[in-house]
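# Summary of the model geometry
Single-letter residue listing:
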Amino acid sequence: MTTAHRPTATGPAPTQVFDWHAETRLLGRRDEADLEALRAAIREGCEVSVTPEGISPVPGGAAGFLRLRSGGTTGPAKVIRRTHASWIASFEVNRGHLGLGPDDTYGILGLPVHSLALYAIVEAAHIGADIVDLAAFRPRQQVAGLADQGVTVLYATPTQLRLLTATGHPLPALRHVLCGGGHMGRALRDAVVRCAPNATVTEFYGAAETSFIAWGEGSGDAGGVGRAYPGVEIRIDPPGAAAGEIWVKSPYLFSGYAEGDSPDTRWRDGFVTVGEIGTLGPDGFLTVAGRRNRMVTIADQNVFPEDVELFLLSHPGLTHCAVIPRPDPQRGTVLVAVVDALPAGATPEALLRACRDRFGPLAAPRDLFVMPDMALTASGKPDLARIATMVERRA
């Protein structure tokens, strides 16, 4: 089979478009401009662009399309074009499997330019749930707002959940917590369960290009996500390999890039990959090792920095972590860890020793830096390119 980049899809206008339900209320807002613009664009039924520059109709665009900015963690941000129908299909899956509906209230922790927040806003509006906008507030204010408004559904990243659970504020009204944008790990899942004892905690894996790929309860080992999301077919290439590239076919895939491109995103026979490496067990359980373009070889051993990041983030008190490769004359490459803070009573030496105990002396970081002003992308993830530059300056 041949592999090629798929051109930006245009095609006929989709038959399905987003709906802003008449019963959906906007609550808890400080600055309503973004959501008002999104609501107006959806009600017009036109192609909508959601980028850091704002929310607006696309001149000459076809009805039923959405443009959104990808996170750009490992490279320049790209503008992704997808049909409304590709998201509506997953709205219906979530409505059926999770029992979501007009009686629910969604909490929104990020701006619409963040794809996870945008998805939650549009899903809530489409099914008629209320929306509590808390993006402008700090974690303590956010968790208080979630409690005061009786929020029942929360889409959040692992970083957002770490900040919320660190406040110690209970959220008994939550009945669904859906975590995307990174692996939770057992420690964070346990913290969420303590904070929201009545909630079903679901971790999902996907990308802006693919939407949902797999989901599960979030208690698997490092990198373990769950089984295929309904309607998704997952393949590992090469077939039969212990680990390989994750390829996906589903109704939820994007239509192409409206701006930018990625050499890691390739199409083949209706399947797409974004360059993630993983394994698919005999029981259909997907484990994600990390991005192919982040994998490094240290003394002939393949190492994924994401594994080390997840381990360090399991220590309470850490919110952001980035593990950066640096050239080394003996090993070819060594890793350097960057954290935004140190856990109470911990030292860089103690964290490095814990990494050596967990991963061995080759895969463990050689150094650890504390950067309270760690560079982040617009979606709140560590900006690896900028952090690498900062590491070079400090090394």
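Procedures and definitions
- Residues numbered from 1 in each chain as written.
- Predicted model: local features only at pLDDT ≥ 70, side-chain atom pairs only at ≥ 80, totals over all residues.
- Heavy atoms only, no water.
- Pairing = 2+ DSSP bridges.
- Helix = DSSP H or I, 4+ residues; strand = E, 2+ residues; numbered from the N terminus.
- Axes fitted to C-alpha atoms, helices over the stretch in contact; angles between N-to-C directions.
- Parallel < 35°, antiparallel > 145°, perpendicular 65-115°, else oblique.
- Left-handed = near helix turned anticlockwise from the far one by under 90°.
- Contact = heavy atoms within 4.5 Å.
- Core = buried A, V, L, I, M, F, W, Y, C linked by side-chain atoms within 4.5 Å.
- Buried < 20%, exposed > 50% of the residue type's maximum accessible area, 1.4 Å probe, protein only.

Another aspect to go through is the pairing of strand S4 (residues 65-69). Both faces of the sheet carry side chains from a regular strand, because those side chains alternate between them. Bridge count for strand S2 (residues 48-51) against S4 is three bridges, and the pairing is parallel. Paired with Ser49 across the two strands is Arg67, which belongs to S4. Direction of pairing for S4 relative to strand S5 (residues 79-83): antiparallel, over a ladder of five bridges. Its bridge partner being in S5, Leu66 is matched across the sheet by Arg82.

Orientation of helix H1 (residues 33-44) relative to helix H3 (residues 115-127), taken along the N-to-C sense of each, is 55°, at an axis distance of 12 Å. One element, H1, and the other, H3, form an angle in the oblique class. Between H1 and H3 lies a crossing whose hand is right-handed. Listed contacts from H3 to Leu35, Leu38 and Ile42 of H1 are Leu118, Ile121 and Val122.

On to the sheet that holds strand S22 (residues 321-328). Pairing is mixed across the open sheet formed by three strands, whose spatial order is S22-S23-S24. A single partner strand is all that each edge strand has here, and the edge strands are S22 and strand S24 (367-370). When the angles between neighbouring strand axes are averaged without regard to direction, this sheet yields 30°. Both S22 and strand S23 (residues 332-339) contribute to a ladder of eight bridges, which runs antiparallel. Bridging from a neighbouring strand, Ile324 pairs with Val336 of S23. Strands in contact with helix H9 (residues 384-394) are S22, S23 and S24; relative to S22, the strand with the most contacts, it is inclined by about 55°.

The subject of this paragraph is the nonpolar core. One finds Leu38, Trp87, Tyr106, Tyr155 and Leu286 to be the most contacted residues of the largest nonpolar core, which totals 57 residues. In terms of residue count, H3 provides more of this core than any other element does, 10 residues in total. Apart from residues no more than four positions distant in its own chain, Leu38 is found in contact with Trp20, Val48, Val50, Ile55, Leu118, Ile121 and Val122.

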